[in-house]
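Descriptive structure summary
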Amino acid sequence: MQFSFLLPASLVVFSLALENISGKPFVHLVYTRNATCLDFKSVPACFGPPLTQTGLTGYLVEAVPANACHPIIKAPAASKRSLQEFVVLIRRYDCPFGIKVLHAQQAGYRAAIIHNVYSDLLVSMAIEVAESRQKILIPSLFIAESASKHLRRMIRAENETKVTAVVPRGYFNPCWDNVGISVWDPSRHYLQYWPGYCTQQMIPEFIQKFGFVILFSLGFSFLLIASFMRWCCRSQGIRVKTFKRGDRYDLCVICMAEYEAGDRLKILPCNHAYHNTCINTWLLLQPKGGEDLPNLQAEGQHCRLGMG
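Thresholds, definitions, all that
- Residues numbered from 1 in each chain as written.
- Predicted model: local features only at pLDDT ≥ 70, side-chain atom pairs only at ≥ 80, totals over all residues.
- Heavy atoms only, no water.
- Pairing = 2+ DSSP bridges.
- Helix = DSSP H or I, 4+ residues; strand = E, 2+ residues; numbered from the N terminus.
- Axes fitted to C-alpha atoms, helices over the stretch in contact; angles between N-to-C directions.
- Contact = heavy atoms within 4.5 Å.
- Core = buried A, V, L, I, M, F, W, Y, C linked by side-chain atoms within 4.5 Å.
- Buried < 20%, exposed > 50% of the residue type's maximum accessible area, 1.4 Å probe, protein only.

Taken together, the 3 strands give an open sheet; going across it, the order is β8-β11-β12, and neighbouring strands pair in antiparallel fashion. With one partner strand each, in any of the chains shown, β8 (239-242) and β12 (273-275) form the two edges of the open sheet. Adjacent strand axes in the sheet meet at a mean angle of 35°, parallel and antiparallel pairs treated alike. Across the sheet, helix α7 (residues 276-285) is in contact with β11 (264-267) and β12; its angle to β12 comes to roughly 90°.

Rendered as structure tokens:
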């Protein structure tokens, strides 16, 4: 009963710890359609409003011109769909980040996503001129080139490509708090194999389905390892050798026979020797509890199997 109570609690604690640990370096740009879930790492800009914990959702549109260094085509007109916001995908380089995002804002887009070119390196977008920063009123993200290729392919294959920016719990962006250095900065730029949003969603589901099997396997493995280590400790120091003339052992105190060349002897950690078959038989006949080995009490010595 106690074990069944602790199992769900331990799974919840593990899931929360995993979410708290694995979600901080990136904001996730997520594409979902039917059973398909794709997520891409992104870094919010150091200008414009910060993303809220609820994130943002919009239909993705490619910018024309692609680099948005000049005014771009306006966002599509709102229709009767429930979601009426659009996000524009813009190519990096040729002009400052601020100009690109400002053109997206002027064209009526809800947010801007700028992608790298010939690189998957993620960078923090910034504007040095305070006056330009104050003009920008929409959020923006930076993504890798490989992510942009997937997104452009989806845009061209579907009439409507909906994406969501998911802010993980505990995410910290130093730009939002006027802090110059963050311990997560190197992670955002160089940690390319951090678990993505879709993977993180699958892990708790996997644990809920197979958590008992995992815990049972871990418990069984622990018992197996503990038993093996106990056996190793008990067997430590016991060695078997073949008796040769001139060896310092002379008499087996169990059968009271002198050793002869070729006899198999078992040497215990206390350095006492017996015929291999004699000591094995004697131990099998003794009650469990580690009785002193024969005839050693009279010598004022003590020797037990596995210890001297």
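Another aspect to go through is the nonpolar core. A general trend in soluble globular proteins is that nonpolar side chains are found buried together. Among the nonpolar cores identified, the biggest contains 28 residues, and Phe47, Ile72, Val88, Ile90 and Tyr109 are the most heavily contacted of them. At the level of elements, β3 (56-62), β4 (86-91), α2 (97-106) and β5 (111-115) are the ones that each hand at least two residues to this core. Not counting chain neighbours up to four residues away, the residues in contact with Phe47 comprise Phe97, Gly98, Val101, Met125, Ala126, Ile127, Arg133, Ile136 and Ser140. If you look at the next biggest cluster of nonpolar residues, it comprises 21 residues, including Ile113, Leu151, Ile155 and Ala165.

That bond from Val64 to Pro65 is cis: its omega, 0°, falls within 30 degrees of zero. Within the secondary structure, Pro65 is located in the loop between β3 and β4. Despite not being glycine, Tyr118 has its phi angle at roughly 60°, a positive value. With a phi close to 60°, Met256 is a non-glycine residue in the positive phi region. Inspection of the secondary structure assignment puts Met256 in the loop between β9 (251-252) and β10 (257-258).

For the rest of this paragraph, the subject is α2. Considered for burial, the residues of α2 that qualify are Phe97, Gly98, Lys100, Val101, His103 and Ala104. Where α2 is buried, its residues meet β4, β5 and β6 (140-143).

Our focus in this paragraph is the sheet that holds β5. Taken in spatial order, the 7 strands close into a barrel running β1-β2-β6-β5-β4-β3-β7, and their pairing is mixed. Adjacent strand axes in the sheet meet at a mean angle of 40°, parallel and antiparallel pairs treated alike. Strand direction decides the pairing type here: β5 and β6, joined by 4 bridges, are parallel. Bridged to His115 within β6 is Ile143.

Turning our eyes to something else, we now look at the pairing of strand β7 (residues 162-166). Of the two faces of β7, the one lined by Val163 and Ala165 is fully buried and the one lined by Lys162, Thr164 and Val166 carries no buried residue. The pairing of strand β1 (residues 27-33) with β7 spans 4 bridges and is antiparallel. Paired with Leu29 across the strands is Ala165, a residue of β7.

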